[in-house]
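Below are the chains, spelled out letter by letter.
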Amino acid sequence: MMMAYGLLQLTLLYTDGQLKDVTLSRFFREVVHSWRETCPFPGQGLPQRDQSLVPVHEEPSYTIPGTPGIVQHEILNNRRHVLTKDIAGSVKLWEITRGAVVEDYGQVSFEEKKEELFEMVSIPAWFTVDTRLGNLSVHLDTPQCFSAEMYSADLGIIGKPEDDKVNLARETLKGLLAHWLTKRKQRFGSLSVANGEVSSGKDISARSISHSRTEVDGNAENDSMVYPPFEFSTVSPPSIITEGSQGGPWRKKITDLDGTEDEKDFPWWCLDCVLNNRLPPRENARCSFYLQACEGSAVQILTQGKLSAPRILRIHKVINYVVEKMVLDKPTESVNSDGTFAPGLPGGQSQHSAVGGDGSFRSGLKPWQKLKPSIEILCNNQVLAPDMSLATVRAYIWKKPEDLALNYRVVQGR
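What you see is a predicted model, and the numbers here were worked out from it, not measured in a lab.

A. Quick look at the confidence of the model for the protein chain. Summing up the model confidence of the protein chain, the mean pLDDT is 76 and the portion of residues at 70 or higher is 66%. Long-range and interchain partners of residues 328-351, a stretch whose pLDDT sits below 50, account for 41 contacts in this model, where long-range means more than four residues apart.

B. Molecular detail of the nonpolar core. Within the largest apolar cluster, 42 residues are counted, with the highest numbers of intra-cluster contacts made by Trp126, Phe127, Phe146, Leu173, Leu177 and Trp269. Looking at this core, the elements with two or more residues in it are β9 (136-139), α4 (168-176), α5 (178-188) and α8 (268-276). In terms of residue count, α8 provides more of this core than any other element does, seven residues in total. Aside from chain neighbours lying at most four places away, what touches Phe146 is Asn167, Ala169, Arg170, Leu173, Trp269, Cys273, Leu279, Pro280 and Arg282. Within the second largest apolar cluster, 28 residues are counted, among which are Val318, Val322, Ile397 and Tyr408.

C. Representation of the packing of aromatic side chains. With the rule as written, the count across this model stands at five aromatic pairs. Summarising the aromatic geometry, the rings of Phe118 and Tyr396 are spaced 6.3 Å apart at their centres and angled 80° between planes, so their arrangement reads as edge-to-face. Here Tyr396 lies in helix α10 (residues 390-398) and Phe118 lies in the loop between α2 (110-116) and β8 (128-130), a separation of 278 residues in the sequence. Taken together, a centroid distance of 4.9 Å and an interplanar angle of 50° make the contact between Trp180 and Phe266 tilted. In this pair, Trp180 sits in helix α5 while Phe266 sits in the loop between β14 (249-253) and α8, placing the two residues 86 residues apart along the sequence. An identical accessibility class is assigned to Trp180 and Phe266; each is buried. Three or more aromatic residues joined by ring pairs form one cluster here, namely Trp180, Trp250 and Phe266.

D. Representation of α10 within the structure. Every buried residue of α10 is accounted for by Leu390, Ala391, Thr392, Val393, Ile397 and Trp398. Once α10 ends, the next one or two residues include Lys399, with phi positive near 55°.

The rules behind the values
- Residues numbered from 1 in each chain as written.
- Predicted model: local features only at pLDDT ≥ 70, side-chain atom pairs only at ≥ 80, totals over all residues.
- Heavy atoms only, no water.
- pLDDT = per-residue confidence, 0-100.
- Contact = heavy atoms within 4.5 Å.
- Core = buried A, V, L, I, M, F, W, Y, C linked by side-chain atoms within 4.5 Å.
- Buried < 20%, exposed > 50% of the residue type's maximum accessible area, 1.4 Å probe, protein only.
- Helix = DSSP H or I, 4+ residues; strand = E, 2+ residues; numbered from the N terminus.
- Phe/Tyr/Trp six-rings, centres within 6.5 Å; stacked < 30°, edge-to-face > 60°.

Put into C-alpha cells, the structure is as follows:
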C-alpha cells in the first residue's frame with residue numbers, strides 16, 4: 001500500500017538543438033538518457049535544428065505552474081518526519097502521519113538541517129519512502145509497518161491515558177481511511193461498523209488466518225476516531241495506490257473514496273486493522289535486560305534475574321520500579337503471566353515480566369513512601385536521561401547484541 005504526495009513539474013529546455021534536462025526529475029533524466037541511447041539519430045542523440053527556421057512563438061502563450069519535484073530525502077530517526085529537498089533548492093519537513101509539510105526552511109543546506117534535526121531515539125522502521133517520480137511516496141507493507149509504537153503522551157494526544165501505546169501504522173491507516181469509513185458507515189449502517197463487521201468479514205478473517213497469525217490490539221478503541229497527529233488534509237489530500245485481491249493496482253485520493261469500493265480492492269491486512277483491530281504479530285516488541293546495583297553499592301532490590309519490558313518503556317519507569325522494589329515490605333516469591341516470574345530460561349535463570357499490558361511495571365500495589373530515594377540508572381557507566389527508552393539505550397549506549405545490562409544507584413544529597 002502506498003501514499004503519494006505532491007505534483008511533478010516537467011520543463012523541456014532547448015538550446016542550440018540540445019535538450020537540457022537540468023530541470024527534470026531523476027525519473028525523467030533516466031527516461032531521456034535511455035531515449036538518447038536508443039535514438040536513431042547519430043551524434044548527440046537529437047536532430048540539429050534547421051537554423052533557417054524561425055520559431056512562431058519565442059515565449060510560451062501560457063504557463064501551468066507546478067510543484068518542483070523532490071530530488072533528495074531523508075527519513076529522520078523519530079520515524080514520523082521526512083526531510084526533503086526539491087529541484088528549486090527548498091528544504092521541507094514532512095510529517096508522514098498527517099501527510100503534510102510542517103516546516104518550510106527555504107533554501108538551506110540539506111545536510112546541515114539534517115544534522116540539526118537529529119534525535120537520539122530508536123524507533124523501528126515502519127515505512128519506506130521513494131521520490132523517483134518527483135513526489136513523496138510512502139510505502140506500507142505488512143507486517144513491518146506495525147512494528148512501531150509510541151506512548152500517547154509522546155504524541156501529545158489529549159484525553160488519552162499517557163501510558164497508552166499507540167501503533168503508528170494503525171492510526172495512520174485510520175486517518176487515511178477516515179473518509180471511507182464515514183461513507184461506509186452511512187451506507188451499511190452504524191450497527192455493522194460498531195460490531196467490526198464487514199460484508200465480506202468471513203473472507204477477510206479466512207485470508208488473514210491463512211497468511212499469518214493475528215492478534216487483537218487491546219489498547220485500540222473499536223471505532224473510527226482519528227487523533228490529531230493522524231489527521232490528513234482534505235484540501236490537499238494524498239492518494240492511495242494499492243493492489244487488491246482482484247489484480248491490477250488502482251489509485252484514488254482519500255477524499256474520493258465513497259464507500260462503494262469493493263473490499264477486495266483493499267489489502268486484507270489493512271481492513272483487518274481498521275475494522276477489526278487485528279494486527280499481525282510484531283517482532284522485537286520487547287526488550288530483555290538485567291537490572292543490578294552499581295559496584296560497591298549496598299542497596300539491593302528484590303528482583304533478580306532477567307527482566308522484560310516493551311522497547312518503548314522510558315527509563316523513568318525503571319527508576320520508579322527500583323524505588324518501589326526498595327520500599328516493599330515483603331519479597332515477591334514467584335510470578336507468571338499476571339506479573340510474576342516465568343520459569344524455563346536456560347542456565348537456571350528466571351525471567352520476570354516486568355511490565356503489564358499498559359506498559360507500567362507490575363512490582364506490587366503498595367503506595368510509595370512520601371520520601372523516596374533519588375535513583376540514577378546507568379548503562380556502560382553513563383547516566384541515562386529519564387525520558388530515554390530501552391530501545392534508545394540499547395541502540396546508542398549499550399551497542400551490543402547481548403541482553404541490555406542496566407545498573408542503579410542511590411544519589412545522595414537530593
